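Here is how the chains run, residue by residue.
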Amino acid sequence: MLDSLFKSGRLLLETSVPPETPAAAEPSAWLVNLLVVAFAVLAIAFLKRFLQVLPYMADSYLRVRGSAALEGSIRVSQDRNLVALVFTIPAVLLVYRYRLYDPSLIRDLDPNLRLCGVAVALMAYVLVRHIIYLWVRPHQRVDIFRQAHRVAYTYFIFLMLLVLITVGILVIAGVESTIVRYVLYAEIGLVFILLLYRSSQILSLSCNHLRTFLYLCALEILPAVLLVVSAVVL
């Protein structure tokens with residue numbers, strides 16, 4: 001009788017293994033590894049140039065006329081531009097990783113395409129900023145206007161050093177990604193305010209207060225507003 005009871009019983013629990021919860025979308029490992037290796041190689045290759053240009057950048061951070069000394073040397077200015085270009089690689093990776101720029105247009109794309117979308121957006125920002133610079137630059141005291149335009153490259157390097165150190169510390173401390181994102185937003189905002197202040201000081205060397213404000217709006221504020229609006233609207 002006991003045998004018949006066990007034979008007629010039916011297992012109600014499923015024997016199949018439930019599917020795994022899909023992991024958060026991440027770009028392919030080979031693409032991330034390629035970018036990381038590229039940055040490491042370029043960082044080593046340009047380390048000497050970075051150390052040579054570092055005193056000029058520090059002077060630019062501390063004094064208004066430090067930018068004139070930096071831009072006055074073609075070699076130093078070119079080295080600064082190359083170092084800033086190298087730092088665009090970790091910038092793209094950090095913006096992607098912590099969704100600092102995450103419009104709905106690219107939010108649901110394939111991870112690799114979204115990574116490319118972030119890179120395109122940042123390149124578009126730089127291009128728009130340069131076009132506005134060529135459009136509004138005056139015919140007199142072009143050197144002052146060029147300094148106000150290019151000082152952003154110097155502050156971009158400062159920003160990247162700051163956020164890389166910050167991310168390293170927060171990741172080691174086990175801080176959540178959401179908190180890291182807000183910290184990065186705060187640092188970006190702080191450095192942008194410092195950039196606006198320094199650019200206004202440079203422009204004031206040859207412009208009155210009204211022209212300084214108008215040039216500052218065109219050179220820095222308008223491209224930044226366009227970037228933020230694209231993140232919200234697109």
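Our subject is the structure that appears above.
For every chain, the first residue of the written sequence is number 1, and numbering continues from 1 onward in sequence order. This being a predicted model, a pLDDT of at least 70 is required before a residue's local features are given, and a value of 80 or more before pairs of side-chain atoms are given or counted; all residues contribute to the totals for chains, interfaces and linings. Excluding hydrogens and water, the side-chain values take into account all heavy atoms of the structure.

Caption draft 1: Up close: the overall build of the chain. Only DSSP runs of H or I reaching four residues or more are called helices, and only runs of E reaching two or more are called strands; each is numbered from the N terminus. Secondary structure summary: the chain contains 11 helices and 0 strands in total. Sequence-ordered secondary structure for the chain, helices as α and strands as β, is α-α-α-α-α-α-α-α-α-α-α. Per-residue accessibility, obtained with a 1.4 Å probe over protein chains only, is compared with the maximum for each type, and a residue is labelled buried under 20%, exposed over 50%, and partly exposed between these values. Per-residue burial over the chain gives 35% buried out of 234 residues. Between two residues, a contact is recorded if the distance between any of their heavy atoms is within 4.5 Å. Counting only contacts in the chain whose residues sit at least 6 apart along the sequence, the fraction spanning at least 24 positions is 72%. Approximately 14,700 Å² of the chain is accessible, and the part contributed by carbon and sulfur atoms is 70%. Note on areas: Shrake-Rupley with a 1.4 Å probe; residue coverage comes only from the protein chains shown.

Caption draft 2: Up close: the side chain of Ser199. Following the sequence through the fold, Ser199 ends up in helix α10 (residues 177-203). Not counting residues within four places of it along the chain, the set of residues in contact with Ser199 comprises Ala148, Val151, Leu216 and Glu220.

Caption draft 3: Quick look at a nonpolar patch on the surface. The patches described consist of residues with a relative accessible area above 30% and no salt bridge, like charges being joined within 9 Å and nonpolar side chains (Val, Leu, Ile, Met, Phe, Trp, Tyr) within 5 Å. We define a salt bridge as a contact between a side-chain nitrogen of Lys or Arg and a carboxyl oxygen of Asp or Glu at a distance within 4 Å. A surface patch of nonpolar side chains, amounting to about 710 Å² of accessible area, comprises Leu105, Ile221, Val225, Val228, Val229, Val232, Val233 and Leu234. If one sorts the elements of the nonpolar patch by residue count, helix α11 (residues 209-233) sits on top with 6 residues. Position of Val233 among the secondary structure elements: in helix α11.

Caption draft 4: How the structure looks around the side chain of Gln147. Position of Gln147 relative to the elements: it lies in helix α9 (residues 142-172). In contact with Gln147, not counting residues within four places along its chain, are Ser67, Ala68, Glu71 and Ile202.

Caption draft 5: Representation of the environment of Ile144 within the structure. Mapped onto the elements, Ile144 comes out in helix α9. Classification of Ile144 as buried rests on a relative accessible area of 5%. Sequence separation between Ile144 and Ile202 is 58 residues, and the spatial gap between their C-alpha atoms is 6.6 Å. Non-local contacts of Ile144, meaning those with residues more than four positions away in its chain, are made with Ile202, Leu203, Leu205 and Ser206.

Caption draft 6: View of the pattern of salt bridges. Enumeration over the complete set of coordinates arrives at 8 salt bridges. Residue Arg75 pairs with Asp79 through a salt bridge whose shortest N-O separation is 3.5 Å. Of this pair, Arg75 and Asp79 both sit in helix α5 (residues 74-86), 4 residues apart, which is roughly one turn of that helix. Exposure remark for Arg75: the relative accessible area of 44% places this residue in the partly exposed category. The salt bridge involving Arg114 is made with Asp102; its shortest N-O contact spans 3.7 Å. Taken together, the positions of Arg114 in helix α8 (residues 111-136) and Asp102 in the loop between α6 (88-97) and α7 (104-107) put the pair 12 residues apart, joining distant regions of the chain. Taken individually, Arg114 and Asp102 each receive the classification buried, so the pair is uniform in this respect.

Caption draft 7: Fine view of the nonpolar core. In this text, buried Ala, Val, Leu, Ile, Met, Phe, Trp, Tyr and Cys residues form a nonpolar core when linked through side-chain atoms within 4.5 Å. Core analysis: the biggest nonpolar cluster contains 49 residues, and Tyr98, Phe145, Ile157 and Leu184 have the highest contact counts within it. Mapped by element, the contributors of at least two residues to this core are α3 (47-62), α5, α6, α8, α9, α10 and α11. No other element matches the 12 residues that α9 contributes to this core. Sequence-distant contacts of Phe145, defined by excluding residues within four places in its chain, comprise Tyr133, Val136, Arg137, Pro138, Leu203, Tyr215 and Leu219.

Caption draft 8: Broad picture of the packing of α6 against α9. Note on geometry: axes are lines fitted to C-alpha atoms, helical ones only across the stretch in contact, with angles between N-to-C directions running from 0 to 180 degrees. At a minimum axis separation of 10 Å, α6 and α9 run at an interaxial angle of 50 degrees. As summarised for this structure, α6 and α9 are arranged oblique, according to the angle between their axes. When the axes of α6 and α9 are compared, the crossing they make is left-handed. From α6, Thr88, Pro90, Ala91 and Leu94 reach across to α9, where they touch Phe156, Met160, Val163, Leu164 and Val167. Angle categories: roughly parallel below 35 degrees, roughly antiparallel above 145, roughly perpendicular from 65 to 115, and oblique for all the rest. For any pair of crossing helices, the crossing counts as left-handed if the nearer helix is rotated counterclockwise from the farther one by less than a right angle, and right-handed if it is rotated clockwise.

Caption draft 9: Broad picture of the packing of aromatic side chains. We call Phe, Tyr and Trp rings a pair once their centres come within 6.5 Å, taking the six-membered ring for Trp, and we label the pair stacked below 30 degrees between planes, edge-to-face above 60, and tilted otherwise. A complete count under the given rule lists 5 aromatic pairs for this structure. Where Phe39 meets Phe87, the ring centres are 6.0 Å apart and the plane angle is 50 degrees; that geometry is what we call tilted. One end of the pair, Phe39, is in helix α2 (residues 29-45); the other, Phe87, is in the loop between α5 and α6, with 48 residues separating them in the sequence. The partly exposed category is assigned to Phe39, whose relative accessible area is 22%.

Everything listed here is a matter of geometry and, on its own, says nothing about what the molecule does.
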